[in-house]
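A look at the structure
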Amino acid sequence: MKGIVKLILLLLMVFIYISCVQETKKEIIKRKPMKITKQTFGKVDTTEVFLFTLTNNNGMVVKITNYGGIVTSIQTPDKDGKMADVVLGFDNLPNYLDGHPYFGCIVGRYGNRIANGKFSIHEKEYSLAVNNGPNHLHGGIKGFDKVVWEARTKKNTDSVSLVLKYTSPDMDEGYPGNLKMRVAYILTNDNELHIVYRAKTDKATPVNLTHHSYFNLGGTQENALDHILTIAAEKYVAVDENLIPTGELKDLNNTVMDFRKGYAIGARIDEVEGGYDHTYVLINNGELLKVADVYHPATGRAMEVYTSEPGVQFYSGNFLDGNLTGKGGIIYNKHHGFCLETQHFPDSPNQESFPNTILRPGEEYGYTTIYKFLTK
Ligand code: GLA
């Protein structure tokens, strides 16, 4: 009799064990929808370009096209788990091809302005394409935001990535040297979007790559002036009327420019001529550290920015003027989105006191920026 009871107990334990293992397996499958898919997005001239959809275990979705390395959509949850798209952009390629103010793209060879499109290396003067008044902006007439990058997808243990490659030829937009680049967009299961930049050249050339997403954590229905922004910087790069640095790094000293304590983008924007469009000098000593965070009180969505770059361009979407209609038929008015472009300072090739931006043969250019999405 005792033996039968023991056998029944043993069978029961085996049954419970098997059910537990099966449940855990189901759980793992349920929690692991992490994936990366590819679909056609249209053609640039005769070249087919694609839209890649990166999804992590939490259901966060990032869409990127290899045309310009443009992030077309980032869907993140609010404090109640409701998903919304938190970047400006379009849902089709023709709209991007028609022209736009650098929505979501990779910017280069040089993010921001180079005065009069001129600089010298070893006493040789170079003239770049001029596309912003008298100056060169964001790589010129056809910057890296308008080229088709070679794309490869990768699935890692805890992330999915899209690796983009492009070689900018010698004298491209006036820049010397063949610049071989690799930019990886990595979506992790911690709701972080990593952007890892690498480049090598065969002639000395300025390089300053950045990313130009316009964020609006409210879901892009309203303007972004209600976002609370914090930037870990004590100084900013002073500029003239053409947004070219004067060479001075100014103390923020509790002025309207000072975001150390965190306050709404719109709180004092009227006191800043033209709106915010300034490079903040970051306190990170070249280490990958948190340099900014943004909080949208109505939805509880927040975003943290980490970088090892010495600066971040905070641009409050001042030139958006209602002329562009984006995803979902939303008209993009002034201040509809804001950019936090991690980078070196504008016009560094002409400013001896600024951190170096000249990449030389044999050296490797590289840095990482992380945009981390969370709720509070
Ligand atoms: C950057 C610049 C701005 C503007 C935008 C694009 O953020 O700093 O002045 O040119 O790009 O419209």
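This structure is a prediction, so every number in the text was calculated from the model and none was measured. (Residues numbered from 1 in each chain as written. Predicted model: local features only at pLDDT ≥ 70, side-chain atom pairs only at ≥ 80, totals over all residues. Heavy atoms only, no water.)

**Regarding the site of the ligand**
Here is the rule: Working definition: residue near molecule or strand if any one of its non-hydrogen atoms lies within 4 Å of it. Any N or O atom pair separated by 3.5 Å or less is treated as a polar contact, with the protein-specific requirement of one donor-capable and one acceptor-capable atom, and with residues adjacent in sequence counted only for side-chain atom pairs. The method behind every accessible area is Shrake-Rupley, applied with a 1.4 Å probe, and residues are considered shielded solely by the protein chains displayed. When residue character is reported, Ala, Val, Leu, Ile, Met, Phe, Trp, Tyr, Cys and Pro are called nonpolar, Asp, Glu, Lys and Arg charged, and the others, Gly included, polar.
Taken together, 14 residues lie near the ligand, and Arg113, His138, His212, Asp277 and Glu341 sit nearest. Between Asp277 and the ligand, the recorded distance is 2.4 Å, taken from a side-chain N or O atom to an oxygen atom. Glu341 is positioned with one of its side-chain polar atoms (N or O) 2.6 Å from an oxygen atom of the ligand. Within the complex, the protein chains bury 96% of what would otherwise be the 310 Å² of accessible surface of the ligand. Tallied by class, the residues present in the shell around the ligand amount to 7 nonpolar, 4 polar and 3 charged.

**Considering the pairing of strand E1 (residues 35-44)**
Condition: In this scheme, strands are said to pair when DSSP sees at least two bridges between them. In this text, helices come from DSSP runs of H or I with a minimum length of four residues, and strands from runs of E with a minimum of two, each type numbered from the N-terminal end.
Pairing geometry for E1 and strand E2 (residues 47-55), over 9 bridges, is antiparallel. Directly across from Lys35, in E2, lies its bridge partner Thr55. In this structure, the hairpin formed by E1 and E2 is closed by a connection of 2 residues, where Asp45 is found at a positive phi of approximately 55°.

**What about the environment of Met60?**
Stated formally: Two residues qualify as a contact provided that any one of their heavy atoms is within 4.5 Å of a heavy atom in the partner residue.
With respect to the helices, strands and loops of the structure, Met60 is situated in the loop between E2 and strand E3 (61-65). A sequence separation of 23 residues divides Met60 from Met83, and the C-alpha atoms of the two residues are 8.2 Å apart. Apart from residues no more than four positions distant in its own chain, Met60 is found in contact with Leu54, Thr55, Ile74, Gln75, Thr76, Met83, Leu187, Asn191 and Phe373.

**Some details on the packing of aromatic side chains**
Put simply, the rule reads: By convention, a stacked pair of Phe, Tyr or Trp rings (six-membered ring in the case of Trp) has centres within 6.5 Å and planes under 30 degrees apart, an edge-to-face pair has planes over 60 apart, and any other such pair is tilted. In this scheme, a residue with accessible area under 20% of its type's maximum is buried, one over 50% is exposed, and one in between is partly exposed, where area comes from a 1.4 Å probe on protein chains only. Any Lys NZ or Arg CZ that is within 6 Å of a ring centre and within 35 degrees of that ring's normal is treated as a charge sitting over the ring.
Here the structure, examined in full by the defined rule, presents 22 aromatic pairs. Centre to centre, the rings of Phe103 and Tyr214 are 5.0 Å apart; their planes meet at 85°, and the pair counts as edge-to-face. In this pair, Phe103 is assigned in the loop between helix H2 (93-97) and strand E6 (106-107) and Tyr214 in the loop between strand E16 (210-211) and strand E17 (228-231), connecting sequence segments 111 residues apart. Taking relative accessible area as the criterion, Phe103 reaches 0% and is therefore assigned buried. The rings of Phe90, Tyr96, Phe103, Tyr214, Tyr315, Phe319 and Tyr332 are connected pair by pair, giving a single aromatic cluster. When the ring centre of Phe50 is taken as origin, the NZ or CZ atom of Lys38, which lies over that ring, is 4.2 Å away.

**Regarding the sheet that holds strand E18 (residues 233-239)**
Note: strands within a sheet are paired through backbone hydrogen bonds, in either parallel or antiparallel orientation. Keep this limit in mind: Axis definition: a line fitted to C-alpha atoms, limited for helices to the stretch in contact. Angles are taken between N-to-C directions and run from 0 to 180 degrees.
Spatial strand order, E19-E18-E21-E24-E27: 5 strands in an open sheet with antiparallel pairing. Where the open sheet ends on each side, the last strands, each with one partner, are strand E19 (245-251) and strand E27 (339-343). Looking at each pair of strands side by side, their axes are set apart by 30° on average, direction ignored. Across 3 bridges, E18 lies against strand E21 (residues 277-282) in antiparallel orientation.

**Quick look at the environment of Ile228**
In this fold, Ile228 is placed in strand E17. Distance in space between the C-alpha atoms of Ile228 and Phe319 is 21 Å, their sequence separation being 91 residues.

**Some words on unusual backbone geometry**
Apart from glycine, the bulk of residues carry a negative phi angle, and the bulk of peptide bonds sit in the trans form. The peptide bond linking Gly108 to Arg109 adopts the cis configuration, its omega dihedral lying at 0°. Positionally, Arg109 belongs in the loop between E6 and strand E7 (113-114). Of note, the phi angle at His138 is positive, near 50°, even though the residue is not glycine. Residue position: His138 is located in the loop between strand E10 (136-137) and strand E11 (150-155).

**Notes on the side chain of Ser348**
By secondary structure assignment, the location of Ser348 is in the loop between E27 and strand E28 (358-359). Judged by its relative accessible area of 6%, Ser348 falls in the buried class. In terms of polar contacts, Ser348 uses its side chain to reach the backbone carbonyl oxygen of Phe345, at 2.5 Å. When neighbours within four sequence positions are excluded, Ser348 is seen to be in contact with Tyr110, Phe354, Pro355 and Thr357.

Don't take any of this as a statement about function, it's just geometry.
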